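Each chain, written out:
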Amino acid sequence: MLCQFCKVKEATVHVTEIADNKVKKVDACAACAKEKNYNDPTAFALADHLLGLGASQKMEEASEAVGAVSCDQCGYTQADFKKSGRLGCARCYEVFSEGLDSVLKTMHKDVRHRGKVPAALQKVLKSSQLLNRLTKELQDAIQREDFETAARLRDEIKAAKAVA
Amino acid sequence: MSVLDFLIPPSEASRRNGPHDVIVLSSRVRLARNLRTVPFPSHSKKADRMKAFEALMPVVRSLPLMGPDAFSESMDKLPALEKQILVERHLISREHAAKNAGSGLVFNREESVCVMVNEEDHLRMQALRPGLQLRQAWMTIDSVDSALQERVEFAFAERYGFLTACPTNLGTGIRVSAMLHLPGLVLAEQINQIIQAVNKLGLAVRGLYGEGTEALGNIFQVSNQMTLGESENDIVERINKVLLQIIEHEQNARHAQLEKKPAVLLNHIGRAYGILGNAWSISSKEAMNLLSFMRLGVDLGLFRDMPKSQVDELFLRSQPAHLQLAHPLRDKLASDERDLFRAEMLRQSTSSFPRPDPSLIRPPGGPTEGPAAA
């Protein structure tokens, strides 16, 4: 089969495009395909290259699981994420967080940060972690009707909140 | 001032030494950071990139570790050849060399701390050290990071840690790496086993210029891939341990070659000496592979009173941009002419080298080895 554009070289790139519910087939030689930008499959290969084999599939699954279509702060879209394997801004990590964990799991040791914390945040984080733990213990105590412990925990929470 | 006047000349740069520098050429720790309120550089508009650039350049420039006379410049002010020189010095990435207005570079006199502004992230900052000094490099860049945090607010989430443009750098944003010279393992055909074992430990093995580059001159770069779920210290210690094991394997491989197949070893080194001294055209790939054997020869004591810095200097001066810089035509020098010019430079430089003398040979891992990494 000859290339439909130059009609000289053998067509080696075959693309089936679905746009506006219409199927369009393209048969082109490598040079024309490059010129007309019919090399979209590389978008997936790029994510594979960056994140290790199989990552692009995970990424696709993840971006499908993501509810939001685009980031309200920087306008980054699911498609951008899928194509580049990168995010647009700090806010994107919240917007696209659903489904992100499965991607992170394939590339990291764990999905929770265990390293350095900015000094300014350290105090705040410590007290919020303490509050979370105490609140959970309080609920447990109430559940088992251990009101003595519950009263003590209530005072501790009050004290912790006063410090924060 | 041109960056060329600022850079340490190759003869001096190659004389820097550190622990285990017979095998570990250099250690590096890099951190990725972003501003909380500005979109990441790859996605942001020019105005946002300029905002980050204007906010970060003066702050980075005034870091105490940068000293009073740091080099600080916008990337569009650097000619292509000078950018390439910086890549060959491992001060900037190939990606950063492609950047222009809105991206910047700051590094100190000693070339031990280097910060790229608006690469893939707002900040890519690295500490470089000769030999195996990962802990020291981490301590240096950790203090740079802490000093910056007093002046600017970084994107950070309790759950994910420091936020980066690519999720592969998320969390600590750390990349710990060392450049290793492993001719023994290559000759013994054990290098693939080592690479596989290292990969299984979650570490990447790459060529001389990082991602996607070939392992020229038997030089390999080992680095961590995972940045989330483990502390910086744990990552540094883990790689340090692996590197000490690779060093031992390389020494053993050199020992075994020397004992079992000394003729093969001497043949490689002798041929390298012969070709470098007599060739009229050498590609950079061939030059690096030959210089690798020369360095092995120096490590084994084959060349009387010759320091390895002399070979390391040639290694740097054989790189394409360094070679172009030394030629009157500069970047107009075509690649085949470059090969002729490279051969000329190598012929002249090696003419003063002593001939390899097998009677001088000393076993690897002997008194030439540096002190253990602190």
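Residues numbered from 1 in each chain as written. Chains lettered and ligands numbered in written order. Predicted model: local features only at pLDDT ≥ 70, side-chain atom pairs only at ≥ 80, totals over all residues. Heavy atoms only, no water.

**Topic: the overall build of chain B**
Alright, step 1. Along its length, chain B carries 14 helices and 10 strands.
Alright, step 2. Here the C-alpha radius of gyration of chain B, 21 Å, is about what a compact globule of 374 residues would show, namely 21 Å.
Alright, step 3. For chain B, the spread of C-alpha atoms along the three principal axes comes to 65 × 45 × 35 Å.
Alright, step 4. Within chain B, counting contacts between residues at least 6 apart in sequence, those at least 24 apart form 73% of the total.
Alright, step 5. Approximately 15,300 Å² of chain B is accessible, and the part contributed by carbon and sulfur atoms is 51%.
Alright, step 6. Where the 43 positive side-chain charges of chain B centre and where its 43 negative ones centre are 2 Å apart. (Helix = DSSP H or I, 4+ residues; strand = E, 2+ residues; numbered from the N terminus. Rg over C-alpha atoms; globule rule 2.2 N^0.38 Å. Contact = heavy atoms within 4.5 Å. Areas by Shrake-Rupley, 256 points an atom, 1.4 Å probe, with all protein chains shown as cover. Lys, Arg positive; Asp, Glu negative; His and termini not counted. Charge placed at Lys NZ, Arg CZ, Asp CG, Glu CD.)

**What about unusual backbone geometry?**
All names here are of chain B.
Alright, step 1. Here the phi dihedral of His90 falls at roughly 65 degrees; this positive angle occurs in a residue that is not glycine.
Alright, step 2. Looking at the secondary structure, you find His90 in the loop between helix H4 (80-88) and helix H5 (94-97).
Alright, step 3. Within the chain, Glu111 stands out as a residue other than glycine whose phi angle is a positive 60 degrees.
Alright, step 4. Tracing the sequence through the fold places Glu111 in the loop between strand E3 (104-107) and strand E4 (113-117).
Alright, step 5. On the accessibility criterion, Glu111 (6% relative accessible area) is buried. (Buried < 20%, exposed > 50% of the residue type's maximum accessible area, 1.4 Å probe, protein only.)

**Examining the interface of chain B and chain A**
Alright, step 1. Contact with chain B, which involves 35 residues of that partner, is made by 34 residues of chain A.
Alright, step 2. Note on chain B versus chain A: buried area summed over both sides is about 3,100 Å², and carbon and sulfur give 59% of it.
Alright, step 3. Counting across the chain B and chain A interface gives 5 salt bridges.
Alright, step 4. A salt bridge links A:Lys109 to B:Glu230; the nearest nitrogen and oxygen atoms lie 3.7 Å apart.
Alright, step 5. Here chain B is connected to chain A by 19 residue pairs in polar contact (both at pLDDT 80 or more). (Buried area = accessible area lost by both parts, 1.4 Å probe. Salt bridge = Lys/Arg side-chain N within 4 Å of Asp/Glu carboxyl O. Polar contact = N/O pair within 3.5 Å; in protein donor to acceptor, adjacent residues only side chain to side chain.)

**Notes on the confidence of the model for chain B**
Residue and element names in this part refer to chain B.
Alright, step 1. Here chain B shows a mean pLDDT of 92. Residues at 70 or above account for 95%.
Alright, step 2. Per-residue pLDDT stays below 50 along residues 367-374; that stretch engages in 17 contacts with residues further than four places along the chain or on separate chains.
Alright, step 3. Interface confidence for the predicted complex, given as ipTM, is 0.82, next to a pTM of 0.80. (pLDDT = per-residue confidence, 0-100.)

**Points about the packing of aromatic side chains**
Residue and element names in this part refer to chain B.
Alright, step 1. Applying the stated criterion to the full structure yields 7 aromatic pairs over all chains.
Alright, step 2. Centre to centre, the rings of Phe71 and Phe107 are 5.3 Å apart; their planes meet at 40 degrees, and the pair counts as tilted. Pair noted here: Phe71 is in strand E2 (residues 71-74) and Phe107 is in strand E3, with a separation of 36 residues, a long-range link.
Alright, step 3. Judged by its relative accessible area of 4%, Phe71 falls in the buried class.
Alright, step 4. For the ring pair Tyr273 and Phe303, a centre distance of 5.9 Å and an interplane angle of 35 degrees mean the geometry is tilted. In this pair, Tyr273 is assigned in helix H10 (residues 262-278) and Phe303 in the loop between helix H11 (284-299) and helix H12 (308-317), connecting sequence segments 30 residues apart.
Alright, step 5. Taking the relative accessible area as the measure of exposure, Tyr273 reaches 17% and is therefore buried.
Alright, step 6. Each member of the aromatic cluster is reached from another via a ring pair, and the members are Phe6, Phe71 and Phe107. (Phe/Tyr/Trp six-rings, centres within 6.5 Å; stacked < 30°, edge-to-face > 60°.)

**As for helix H6 (residues 100-107) of chain A**
Turn by turn, an α-helix covers 3.6 residues, leaving residues three or four places apart pointing in a common direction.
Alright, step 1. All buried positions along H6(A) are accounted for by A:Leu100, A:Val103, A:Leu104 and A:Met107. Here the buried residues of H6(A) occupy an arc of 95 degrees about the axis, which is enough to place them on one side. (Arc of directions from axis to C-beta.)

**Structural notes on the environment of B:Ile219**
All names here are of chain B.
Alright, step 1. With respect to the helices and strands, the residue Ile219 is situated in strand E10 (residues 219-224).
Alright, step 2. On the accessibility criterion, Ile219 (3% relative accessible area) is buried.
Alright, step 3. For the pair Ile219 and Asp234, spaced 15 residues apart in sequence, the C-alpha to C-alpha distance is 25 Å.

**Brief notes about the sheet that holds E3(B)**
Residues and elements named next belong to chain B.
Alright, step 1. One open sheet accounts for 8 strands, arranged E2-E3-E4-E5-E1-E8-E10-E9; its pairing is antiparallel. For this open sheet the edge positions go to E2 and strand E9 (203-206), each flanked by a neighbour on one side alone. In this sheet, adjacent strand axes meet at a mean angle of 15 degrees when their direction is disregarded.
Alright, step 2. Relative to E3, E2 runs antiparallel, the two sharing 4 bridges. Across the sheet, Ser72 pairs through a bridge with Val106, a residue of E3.
Alright, step 3. Its contacts with the sheet place helix H6 (residues 134-149) against strand E1 (24-33), E4, strand E5 (123-130) and strand E8 (174-181), and it is angled at close to 150 degrees to E5. (Pairing = 2+ DSSP bridges. Axes fitted to C-alpha atoms, helices over the stretch in contact; angles between N-to-C directions.)

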